[in-house]
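Descriptive analysis of the structure
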Amino acid sequence: MPDAIFADPRLARLYDAFDGPRVDLNLYLGIAAELEAASVLDVGCGTGSLAVMLASSGRTVVGVDPALASLEIARAKESRVTWIHGDATTLPALSVDLATMTGNVAQVFLGDDWEATLRGVRRALKPGGHFVFETRRPEHRAWEDWSRAKPRVLVGVREQLELLNVSLPFVSFRHTYQFPDGSVISSDSTLRFRSRPEVEQSLTRCGFEVVDVRDAPDRPGREHVFVARRVN
C-alpha cells in the first residue's frame, strides 16, 4: 500500500509544492536524449513531473503508480501521457525504449518486491532497452540530515520530518502536516538502503546488464544513478 504522503488526497495535493523545483529530473531528460529514447515508461510516476516533461519533448510516455490520489493529479496535468494505476508487475504489454524510476522509488521496495519490480520493468522494455534509476548511497547516511530537519511552512501548511528508526538496511521516518484548520495528517515511510554491489547483483539476476553507474550532478557523492540494459 502506498504511503499516505502519496495516497491521501490532501497530502498528494501538497506534494509538488513541498518537493520544490525538480532540477533532479534534468538528469533523466538528458539520458533519454542521449539514448535517443522515443518511448519511456516512468515507474512510480507520482504526480507526473518527469512524465509530463518527457511528453512535452515529443516522446510517447506511460506513467504508472499505485497511489491513485497522486495519479489523478498527474492525469490533470497532461493528457498525452498514458496514466496507469498499478505497478511494474501489473503492466499491460509494452515495448518501450527506456524505463525510469526517480527520487526514492527504487528504495520503497523492501523485500522480494524489488526483484519482482525489476522483472516487470524488464518485460516492459524492448530487447536492448534501458532502465535508469537512482538510489541513495548508504555510506552518505542521509538519515542523519533528516534527524536535524527543521519544520517548513508552505501554502499555509506546516511540515515536520521526524526520524523514527534506523535498522540498516532499513530507515523509517514520518512526515507530519498541520493544516490551517488545525487538522493533522501523518505519513510513515520506510526506505531500504542497498549497496552498489547489491543493486548490481539484483539487476544481473533479473536479466539486466549494468552499463554505467553515474553521480547525480545536483547531489554529488550522495546517490548512484544506474544505467542498465535489458539482456536479450
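Now for a look at the structure at hand. Sequence order as written defines residue numbering, which begins from 1 separately in each chain. Totals for whole chains, interfaces and linings use every residue, but because this is a predicted model, local features are given only for residues with pLDDT of at least 70 and side-chain atom pairs only at 80 or more, for both listing and counting. Excluded from the side-chain calculation are hydrogens and water; included are all heavy atoms of the structure.

Between Leu 168 and the following residue, Pro 169, the backbone shows a cis peptide bond with an omega angle of 15°. Relative to the assigned elements, Pro 169 resides in the loop between strand E7 (157–167) and strand E8 (170–178). The residue Arg 141 is not glycine, and still its phi comes out positive at about 55°. Mapped onto the elements of the fold, Arg 141 is located in the loop between strand E5 (125–136) and helix H8 (143–146). Runs of H or I in DSSP of at least four residues are treated as helices and runs of E of at least two as strands, each being numbered from the N terminus.

Turning our eyes to something else, we now look at the sheet that holds strand E10 (residues 208–215). In spatial order, the strands read E3-E2-E1-E4-E5-E11-E10; together these seven strands make up an open sheet with mixed pairing. A strand with exactly one partner marks an edge of an open sheet, and here the two such strands are strand E3 (82–85) and E10. On average, adjacent strands in this sheet sit at an angle of 20° to one another, irrespective of strand direction. Sheet topology note: the E5/strand E11 (residues 223–230) ladder contains seven bridges and is antiparallel. From the neighbouring strand, Phe 133 faces E11, where its bridge partner is Phe 226. Two residues qualify as a contact provided that any one of their heavy atoms is within 4.5 Å of a heavy atom in the partner residue. Axis definition: a line fit to C-alpha positions, over the contact stretch in the case of helices; interaxial angles, taken between N-to-C directions, run 0 to 180 degrees. Packing against the sheet, helix H7 (residues 113–124) makes contact with strand E1 (39–43), strand E4 (96–101), E5, E10 and E11, and its axis sits at approximately 145° to E5. Note on pairing: DSSP must find at least two bridges between two strands before they are called paired.

All right, on to the packing of aromatic side chains then. Pairs were defined over the aromatic rings of Phe, Tyr and Trp, the Trp ring being its six-membered one, requiring ring centres within 6.5 Å. Orientation was assigned from the angle between planes: stacked under 30 degrees, edge-to-face over 60, tilted for the rest. Scanning all chains against the criterion turns up ten aromatic pairs. With centroids separated by 4.9 Å and ring planes inclined at 55°, the aromatic side chains of Trp 146 and Phe 173 adopt a geometry described as tilted. Here Trp 146 is found in helix H8, whereas its partner Phe 173 is found in strand E8, with 27 residues between them in sequence. Burial classes: relative accessible area under 20% of the type maximum marks a residue as buried, over 50% as exposed, and values in between as partly exposed (1.4 Å probe, protein chains only). For Trp 146, a relative accessible area of 12% puts it in the buried group. Its relative accessible area of 7% is what places Phe 173 among the buried residues. Members of the aromatic cluster, connected to one another through ring pairs, are Phe 109, Trp 114, Phe 131, Phe 133, Phe 208 and Phe 226. Lying across the ring of Phe 179, Arg 10 places its NZ or CZ 3.8 Å from the centre. Whether a charge sits over a ring depends on NZ of Lys or CZ of Arg being within 6 Å of the ring centre and within 35 degrees of the ring normal.

With that out of the way, let us pick up the pattern of salt bridges. Here, a salt bridge means any side-chain nitrogen of Lys or Arg that lies within 4 Å of a carboxyl oxygen of Asp or Glu. Within this structure, the stated rule accounts for 22 salt bridges. Of the charged contacts in the structure, one is a salt bridge between Asp 16 and Lys 77, with a shortest N-O distance of 2.7 Å. In this pair, Asp 16 sits in helix H3 (residues 15–19) while Lys 77 sits in helix H6 (residues 68–77), placing the two residues 61 residues apart along the sequence. Glu 78 is paired through a salt bridge with Arg 80; the nearest N and O atoms lie 2.9 Å apart. Through salt bridges with shared partners, a single ionic network connects Glu 134, Asp 218, Arg 219 and Glu 223.

Side chains that are three or four residues apart share a direction in an α-helix, a result of its 3.6 residues per turn. What helix H4 (residues 26–34) keeps buried is the set Leu 27, Tyr 28, Ile 31 and Ala 32. For H4, the arc enclosing every buried residue in end-on projection is 135°, short of the 170-degree limit, so these residues lie on one face. Contacts from the buried residues of H4 go to helix H5 (49–56), E4, E5, E10 and E11. Following H4 by one or two positions, Glu 36 adopts a phi angle in the positive range, close to 55°. This arc describes the spread of directions from the helix axis toward the C-beta atoms.

Moving on: the side chain of Thr 47. By the secondary structure assignment, Thr 47 is in the loop between E1 and H5. Since its relative accessible area comes to 4%, Thr 47 is described here as buried. A polar contact is formed between the side chain of Thr 47 and the side chain of Asp 16, at a distance of 2.6 Å. The residues touching Thr 47, leaving out its near neighbours within four places in the chain, are Ala 12, Tyr 15, Asp 16, Ser 70, Ile 73, Ala 74 and Lys 77. Side-chain atoms alone can form a polar contact between residues adjacent in sequence; in general such a contact is a pair of N or O atoms within 3.5 Å, and within protein one must be able to donate a hydrogen while the other accepts it.

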